[in-house]
Amino acid sequence: MGLTFCHSICDGLGAAQFLKAVGEFARGVEKLRVTPVWCREYLLPSPLAQKEFADHETKDNSSMPPPLPIPVPDQQLEHTSFDIPTDEIYQLKHHRTRAISNLTDNKKNFSNSSSHISFITDNAGDDEVELVFFANCRQLVPLPDGFYGNCFFPVTVTALTKIVAEASLAEVVKLIKDAKANLPAEFSRWLNNKTDKSTSDDPFAPGPRVGYDTLFISKWARLGFNEVDYGWGKSVQYKGLLLCKQTTSTQKWH
């Protein structure tokens, strides 16, 4: 079974919540275990930011140029997929464990795995490479149970290729962990100023340089897709397919 959804409506957690609700109805449940809650107003800007925006709108802006559109790179990217053999995965885990055994963060798995994948480069020069992933910010906002909107925020790690090429695994992991540590401040800054029409500081704007030197990583392990049950058991396999501006979630069952 597949699901196509737009992230303007919900994030991965919200999409999984929707599928789990469909599964409950399919099993004959009369009342959902988690009642869906929209509550988009919980992510509105602060009253001060709203007032500043309203004051800006009342001014005479007839002589001001219109805001620039969000730049979207016109690149003909090719879709591809690849499989990593199980024995190579075990070797990678063993190497990773030995290299960073001194790290104690209980959320280090994502950082460690990303460090192996994201900054692979054969160009040790002054060019920049970027790793981008989206982090759940529900713990930073007083959202009610059942909220299914989008509350993920992009985290970007940028480094020169020569620095990454010469860095140890632990040093690359530190780059990722430092970016994650800035998430609360970055999210709060965006939440309080997101009525600004300027796109220069928009963390969601793709930017003119997004290309083969930028890698987006998404982890689906804790979104809840593995808990979906339509009456013949929970899913044993699920994966995502990124199709332009849409995301398709595909699931399989025994």
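Not measured: the values here are computed from a predicted model.

Regarding the overall build of the protein
Working step 1: Within the protein, the secondary structure is distributed over 7 helices and 6 strands.
Working step 2: Along the protein, helices and strands appear, N-terminal first, in the series β-α-α-α-α-β-β-α-α-α-β-β-β.
Working step 3: Going through the 254 residues of the protein one by one, you find that 32% of them count as buried.
Working step 4: When the accessible area of the protein is evaluated, it comes to approximately 17000 Å², of which 55% is carbon and sulfur surface.

Considerations on unusual backbone geometry
Working step 1: Located in the positive-phi region is Cys39, a residue other than glycine, with phi close to 50°.
Working step 2: Within the element layout of this structure, Cys39 appears in the loop between α1 (12-26) and α2 (47-58).
Working step 3: With relative accessibility at 16%, the residue Cys39 sits in the buried group.

Observations regarding the pattern of salt bridges
Working step 1: Counted according to the given criterion, the structure contains 4 salt bridges.
Working step 2: We note a salt bridge from Asp11 to Arg138, for which the minimum N-O separation is 2.6 Å. One end of the pair, Asp11, is in the loop between β1 (2-5) and α1; the other, Arg138, is in the loop between β2 (128-136) and β3 (152-160), with 127 residues separating them in the sequence.
Working step 3: Linking Arg189 and Glu186 is a salt bridge whose minimum nitrogen-to-oxygen distance equals 3.1 Å. Here Glu186 and Arg189 lie together in helix α7 (residues 183-193), a separation of 3 residues that amounts to about one turn.

What counts as what
- Residues numbered from 1 in each chain as written.
- Predicted model: local features only at pLDDT ≥ 70, side-chain atom pairs only at ≥ 80, totals over all residues.
- Heavy atoms only, no water.
- Helix = DSSP H or I, 4+ residues; strand = E, 2+ residues; numbered from the N terminus.
- Buried < 20%, exposed > 50% of the residue type's maximum accessible area, 1.4 Å probe, protein only.
- Areas by Shrake-Rupley, 256 points an atom, 1.4 Å probe, with all protein chains shown as cover.
- Salt bridge = Lys/Arg side-chain N within 4 Å of Asp/Glu carboxyl O.

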